[in-house]
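One letter stands for each residue in the lines below.
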Amino acid sequence: MHLTLKVWRQEPGQNGMFQTYEAPGISEDMSFLEMLDVVNERLIEEGTAPIVFESDCREGICGTCDLMIDGQAHGPEKATATCQLHMRKYNDGDHITIEPWRAASFPVIRDLAVDRSALDAIQEAGGYISAPTGSASDANLTPVPKDAADSAMDAAACIGCGACVAACPNSAAQLFTSAKVMHLNLLPQGQAERWKRTEAMVETMEEYFGSCTNHGECHEACPKEISLDFIALMNKDYVKSKIKNRKLSGQK
Amino acid sequence: MAKTMSKPGGSRRPDPIRKPVKALPFPLSLGQTAVGKKWLMALTGVGLLGFVVAHMIGNLHVYEGPARLAEYAETLRTLGAGLFPRGVILWIMRLGLIAMFGIHIWAAVTLNQMNLKASPGSYPGGRDYIAANFASRTMRWTGPIILLYLLFHLADLTWGWWLGDKFVHGDPYHNLDASMNRIPVLAIYIVANIALAIHIFHGAWSMFQSLGINNPKYNSLRRGIAVSLAGLVLVGNLSFPILNAAGLTDEDNRKCDPYAENVLECLEEQLVEEH
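Residues numbered from 1 in each chain as written. Chains lettered and ligands numbered in written order. Predicted model: local features only at pLDDT ≥ 70, side-chain atom pairs only at ≥ 80, totals over all residues.

Participant: Could you give an account of the overall build of chain A, with specific residues and numbers?
Facilitator: Of the regular secondary structure elements, chain A holds 8 helices and 7 strands. With respect to the three principal axes, the spread of C-alpha positions in chain A is 65 × 40 × 35 Å. Here the contacts in chain A between residues at least 6 apart in sequence split such that 70% fall between residues at least 24 apart. (Helix = DSSP H or I, 4+ residues; strand = E, 2+ residues; numbered from the N terminus. Contact = placed C-beta atoms within 7 Å.)

Participant: For the overall build of chain B, give the residues involved together with the corresponding values.
Facilitator: If you tally the helices and strands in chain B, you get 10 helices and 0 strands. Helices and strands appear in chain B in the N-to-C order α-α-α-α-α-α-α-α-α-α. Taking 2.2 N^0.38 as the reference for a compact globule, 275 residues should give roughly 19 Å; the C-alpha atoms of chain B span a radius of gyration of 24 Å, well beyond that estimate. Viewed in the frame of its principal axes, chain B has a C-alpha envelope of about 90 × 45 × 40 Å. The burial tally for chain B puts 26% of its 275 residues in the buried class. A separation of at least 24 residues holds for 69% of the contacts in chain B among residues at least 6 apart in sequence. (Rg over C-alpha atoms; globule rule 2.2 N^0.38 Å. Buried ≥ 20, exposed ≤ 12 C-beta atoms within 10 Å, placed from the backbone.)

Participant: So what's going on with the environment of N235 of chain A? Which residues, and what values?
Facilitator: Structurally, N235 of chain A is set in helix 8 (residues 229–249). On the basis of neighbour counts, which here come to 27 C-beta atoms within 10 Å, the residue N235 of chain A falls in the buried class. In the structure, N235 of chain A is positioned 152 residues away from C83 of chain A in sequence and 32 Å away in space, judged by C-alpha atoms. Not counting residues up to four positions away in its chain, the partners in contact with N235 of chain A are V35, K38, Q209, S210, L211 and G212 of chain B.

Participant: Provide a residue-level description of the pairing of strand 1 (residues 3–9) of chain A, including the pertinent values.
Facilitator: The sheet contact formed by strand 1 of chain A and strand 2 (residues 17–23) of chain A spans 7 bridges and is antiparallel. Looking at the pairing, W8 of chain A lines up with F18 of chain A of strand 2 of chain A. (Pairing = 2+ DSSP bridges.)

Participant: Summarise the interface of chain B and chain A; cite the residues concerned and give the values.
Facilitator: By convention, interface size is frequently given as the accessible area that disappears when the constituent parts associate. Listed by partner, the interface residues are 48 residues for chain B and 60 residues for chain A. Elements that contribute at least two residues to the side of chain B that touches chain A include exactly helix 1 (26–29), helix 2 (34–59), helix 4 (88–118) and helix 8 (183–210) of chain B. Residues of the side of chain B that touches chain A, tallied by class, amount to 25 nonpolar, 15 polar and 8 charged. (Nonpolar A, V, L, I, M, F, W, Y, C, P; charged D, E, K, R; others polar.)

Participant: For the domain arrangement of chain A, give the residues involved together with the corresponding values.
Facilitator: All names here are of chain A. Annotation of chain A at the domain level lists domain 1 (3–110) and domain 2 (116–249). Here the C-alpha centroids of domain 1 and domain 2 sit 29 Å apart. Of the residues in the side of domain 1 that touches domain 2, the class split is 10 nonpolar, 6 polar and 2 charged. (Domains from an automatic or database assignment.)

Participant: Break down helix 3 (residues 66–77) of chain B for me, with residues and values.
Facilitator: Residue and element names in this part refer to chain B. Over its 12 residues, helix 3 extends 17 Å from the first C-alpha to the last, a length consistent with the 16 Å expected when each residue adds 1.5 Å. Along helix 3, the residues that are buried comprise P66, A67, L69 and A70. Seen end-on, helix 3 carries its buried residues on one side only, within an arc spanning 165°. (Expected span 1.5 Å × (residues − 1). Arc of directions from axis to C-beta.)

Written out as structure tokens, the structure reads:
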């Protein structure tokens, strides 16, 4: 396959622009990132700086790869991270536009790599449970209803890639935050810190990201198909947390 | 979790776009956060939607003729008669409506500002919308259209600014016909009510999400409710200008002369006869 790539190039601290590269000799068995590796090999041989992009596991579970491909986060294939997108989805002679994810809190580091550490700030605000350490407790010590376990597992599938923010016209991080809030709030282990967590994570999210207008673009872009239902559940828990935390603060 | 490359000299978070503010006491604190504002927007949206539907259904009295419509208008003014002076209950409801409009618009404007700050605007390479529809992406345009239309509608049929001498207080049937006879007015009513239906189409669905009303068993109904409400309001509200233009609610067969001194008494007598 012979492809033509329009790639966003940007040096730190400078304005970026699109550059066009030819990509001949691409096999349809390659993944999208392997295709970029091949292009980069040639750029290095030619003495040009290779295209910077992020990747790690390349099997769709780490959430490191992040490309806006032809105007869609993670490219045209539904429920698939960029690394799992394969070149057989493209035809010989295709033109592909690749740019970084854009949000005010996702500054471009270089070329296609953006700084997503604002998502870490949300996670640090309450995306954990406090548990005493020591010897492992017995299995099945805490009964978990099957439905709750299933829902929590669906939320926990979030790999934190940030595609929801990239796809959102408002750059809102509601889908990410709701997945991180609800996978703990749905389980017995998450109850002790439920209201503190919800309030802290939502308010940290709002320091960095926009507000949800219920377009639903995030769910379409999500490689793990996290449901919009979690956003509704988080909205419900957030207003409850405002009431509960007020009561809890009186018990100190 | 996403691993992010650290910048030379250690990693540093991007600056927050908003600073945390000192929290106000509980119900007011909802107005300080985006999720809370969306709650307020949804709750006031429910109230405003209730008003729009009730207003449309009440106006259907126009198809019963001038006497019945005047009676309906008078009933609204004398709500709670016997307990409250004339117009008091109506004004309490109006103040509630004004407050709901105020909160709804304030939330929309401040959330929009927040989103403009959070989002760099667009993708220079272009982007595809998959789930976002025309209605959801035009809320910030249909909203102001509805506000302008509301002010026009009040000036037109409540205050009678443009009708001048033709405006007869207490005879809405006549005012409606006199106003709709002008083509530009007819066009404004049709365009604005289409914008209203589009706004409701997204708003009535979106409010379930904002309020956290979510149950897998009933989620499929939410879109249906939004479509029915938007359709109901669209058909009902558009029927008034269109059927008036078609001549169904014109004044050809009117018994009481709207410009006569005693038009209100005449309408009352007609009502007694009809009963």
